[in-house]
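# Observations on the model geometry
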Amino acid sequence: MVEETAAAIPAPPARGTRRLDALVGAAAVEAVLVPVGALVVSLLLFGIFVALAGVSPLRVYGYMIKGSVGSWFSLQNSLTRAAPLILTALCTALPAQVGLMIIGGEGAFVIGGLFAAMAGVALLGAPAPVALLGMAAAGIVAGGLWLALAGALRHWRGVNETISSLLLNYIAIAILNQLVEGLFRDPHSLNKPSSPSISYAHMIGTIPGTEIHWGLVVGIVVCLCAYVLVRHTTIGFAARVTGGNLRAARMVGLPIGRLVMLTCFLGGAAGGLAGMIEIAAVQERASASLIAGYGYTGILVAFLARQNPLAIIPVAILLGGISASGGLLQRDLGLPDAATVVLQGIIFVCILASDSVYGRIPWGGRAAASA
Amino acid sequence: MLGTGAALTAALPMRFAAAAEQVVGFIYVGPHDDFGYNQAHAQGANAVAKMAGVKVLQEENVPEDVAVSKTMESMIQEDGATLLFPTSFGYFDPYILREAPKFAKVRFEHCGGLWTAKNPKNIGSYFGYIFEGQYINGIVAGYASKSGKLGFVAAKPIPQVLQNINAFTLGARLVNPKATTSVIFTGDWSMPVKEAEATNSLIDQGIDVVTMHVDSPKVVVQTAAKRGAMVCGYHCSQAALAPQAYLTGAEWNWIDLYPRFVTMWMKGEPIPNFYRGGFKEGLIKQSPYGPKVSATAKHHADQVKAGLTAGKYVIFKGPLKDNTGKMVLGSGQELIQSNATDAKLEAMNFLVAGVLGSLPA
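Residues numbered from 1 in each chain as written. Chains lettered and ligands numbered in written order. Predicted model: local features only at pLDDT ≥ 70, side-chain atom pairs only at ≥ 80, totals over all residues.

Looking now at the nonpolar core. With 217 residues, the main nonpolar core has Leu90, Val301, Ile312 and Ala316 of chain A together with Val231 of chain B as its most contacted residues. Here this core takes 17 residues from helix α12 (residues 256-283) of chain A, the largest share from any one element. Split by domain, the residues of this core number at least three in each of domain 1 (2-128) and domain 2 (131-252 + 285-356) of chain B. For Leu90 of chain A, the contacting residues outside a window of four places in its chain are Val222, Cys223, Ala226, Gly267, Ala270, Pro309 and Ile312 of chain A. (Core = buried A, V, L, I, M, F, W, Y, C linked by C-beta atoms within 7 Å. Buried ≥ 20, exposed ≤ 12 C-beta atoms within 10 Å, placed from the backbone. Helix = DSSP H or I, 4+ residues; strand = E, 2+ residues; numbered from the N terminus. Domains from an automatic or database assignment. Contact = placed C-beta atoms within 7 Å.)

Let us look at the interface of chain A and chain B. Interfaces are often sized by the amount of accessible area the parts lose when they come together. The interface of chain A with chain B comprises 24 residues on the first partner and 31 residues on the second. Of all elements in the fold, only α5 (72-96), α12 and α14 (309-333) of chain A reach the threshold of two or more residues within the side of chain A that touches chain B. Across the side of chain A that touches chain B, the residue classes tally to eight nonpolar, 11 polar and five charged. (Nonpolar A, V, L, I, M, F, W, Y, C, P; charged D, E, K, R; others polar.)

With 14 residues, helix α6 (residues 131-144) of chain B should cover 20 Å at 1.5 Å per step; its first-to-last C-alpha distance of 19 Å lies within 8% of that length. The buried count for α6 of chain B comes to 14 of 14 residues, which makes it a mostly enclosed element. (Expected span 1.5 Å × (residues − 1).)

What follows deals with the sheet that holds strand β1 (residues 22-27) of chain B. Residue and element names in this part refer to chain B. In space, the six strands of this open sheet follow the order β2-β1-β3-β4-β5-β11, with parallel pairing throughout. With partners counted over all chains shown, the strands left at the sheet margins are β2 (54-59) and β11 (274-277), one partner each. In this sheet, neighbouring strand axes are inclined to one another by 15° on average, regardless of whether the strands run parallel or antiparallel. Relative to strand β5 (residues 123-128), strand β4 (residues 107-111) runs parallel, the two sharing four bridges. Opposite Glu109, over in β5, you have Gly124 as the bridge partner. Helix α3 (residues 37-49) contacts β1 and β2 of the sheet and is inclined by roughly 155° relative to β2. Of the strands in this sheet, β3 (81-86), β4 and β5 touch helix α5 (residues 92-102), which is tilted by about 170° from β4. (Pairing = 2+ DSSP bridges. Axes fitted to C-alpha atoms, helices over the stretch in contact; angles between N-to-C directions.)

Another aspect to go through is the confidence of the model for chain B. Residue and element names in this part refer to chain B. Counting all residues, the mean pLDDT for chain B is 92, and 94% of those residues have values of 70 or more. With pLDDT under 50 throughout, residues 1-19 is counted as low confidence; its partners more than four residues away or in other chains account for nine contacts. The complex model carries a pTM of 0.88, and its ipTM stands at 0.85. (pLDDT = per-residue confidence, 0-100.)

Residue Pro94 of chain B is reached from Asp93 of chain B by a cis peptide bond, and omega for that bond is 10°. By secondary structure assignment, the location of Pro94 of chain B is in helix α5. At the junction of Gly318 of chain B and Pro319 of chain B, the peptide bond is cis and its omega measures out at 0° in the coordinates. Inspection of the secondary structure assignment puts Pro319 of chain B in the loop between β13 (316-317) and β14 (320-321). Backbone geometry places Gln307 of chain A, a non-glycine residue, at a positive phi of 65°. You can see Gln307 of chain A is positioned in the loop between α13 (294-304) and α14.

Below you can see the structure in the form of structure tokens.
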């Protein structure tokens, strides 16, 4: 690519001014510049939108900064909201490596939370580490099997995994409602059907000196592991080959069925773990409040991160920040809650559209981006 | 944390001008203009906003998870709120219970009637016996219905909802002892598609008056009106959506209660930690009668309402049978709507005779 464009350059850059793309490779620079550019464009479009709604875009940007990173409080607010998204994004990003489009994060989150709550109630008397491990295992296995179901339907029955994982969300929600309103209901939860509470001693605490629960750290660690798995192991390589060219993968004899099941299971496991953390760090019990849409926002995060597990971390924090500042936009500027949804939508469209820019930046034509 | 707070205040000079005001925050679980549960609270917030020396903050669509904790903290720390109205039932445990000890000088007023003496003293929880209004709805519906077949679109089979279904049915059977109420549970508080389907299927069965207990009655009201059925409202008035088909409605009276609470707070008077009531205490009210309500119906309904307002009328009293024929209240037994909650009333788990439908086992 660089050679191609080089032919069109009238004069070669002067010696000594080493360009950034030459230093770290055009692809790496693009991977940062394109999404950042798309973000700037979407913020500008959002500015036009709020201006049409009669609010000064500059004030909106100011409040967005204030509400997301403007103070220690708002920074913690953004990070807390990002925690579940980091994990639910993996529900989509991991199966995407083998070319599957799974949107079942909500179901994995709900089912993981439900089974984690069951384990927590069963382990009421156990020591905290045992109870937490038991809850985490229950959430991981339940969420993993849940999305593995979509993978199995795809691989062995040819069922479209996007549709089946979406429908599995509704089934998971129905199972949750059925259990917390029936078999698994705390009889004291009269007007808000809920499961019994897990033990207070088993709750996940906050990172010392902050109000952010440890789920954020867990999410980041899981994302780093996922990145290593995808980019630096033979399994990850095989998965990406399968995703890149299924026929080629078949020709070289890659175990496609196992790769599909593994990535779906791991994606679901991340979602189930997010559900477990939601129970153990926030909600204490399973109820309809688990259905808060973290799974769906996770899809958005995965796409914005272009299915890259490492990029999921900053993107989740960005969306956590947008949602944290949404309150201020409502309260102090009188914008409707839908304003943040509009912004999320604009960002989504801009990032998808920016895909067409990759590989087309005429590096040599500009002296910009110099180190 | 305090340091950054002070720095922020300095960065925004307008906050100084506002310092003398009392800042009151309202938090809603759904849209503030839902023609239902949340709009009723938003009307109360608007009444507070008209008071002198008060600044009102509102935030809508706040789910019952960490989001509501953060919204409460943000209203307190970033906007200086001293009185909060987190209005969704599910905000109480664990979210309000966790925030109240952290902000001892802030008052949390929760809608749901859940406070007990074990909970922090800076929390209050209030709720209304809105089934009194559904009883009046039932009387009006009993007169208006030609078929004697009434319909109820309900969210979940929980005590609050069952109280409304039963009171509506008892009101209708006061007028027409043969009246029946067919119930459809949609399964959740906001299910617009299922609510429309339920309303249509009720009307297909020959039902001519429909009422509901869902967060936003809008879909049920509009669907019923379009199909030529009559409708009784809930939460707040939906008369504007169906001026001809709307008979009356059971409404929350937050526009009366919230300014009262805010005045008490500003004067430093104690607000009750636990506050329950119906027509008598002014916690609920009835929508004005629509054009299809007969003079007889109005007279009868007004009479009963006067009895309820005087605190002399009990809706659930024995002998009362459920719809399986089982005696649920013996002769002389009463479930009284008073400030001291009746445990049996709060845990209602039956459908009275005349309700067509069943509860999950």
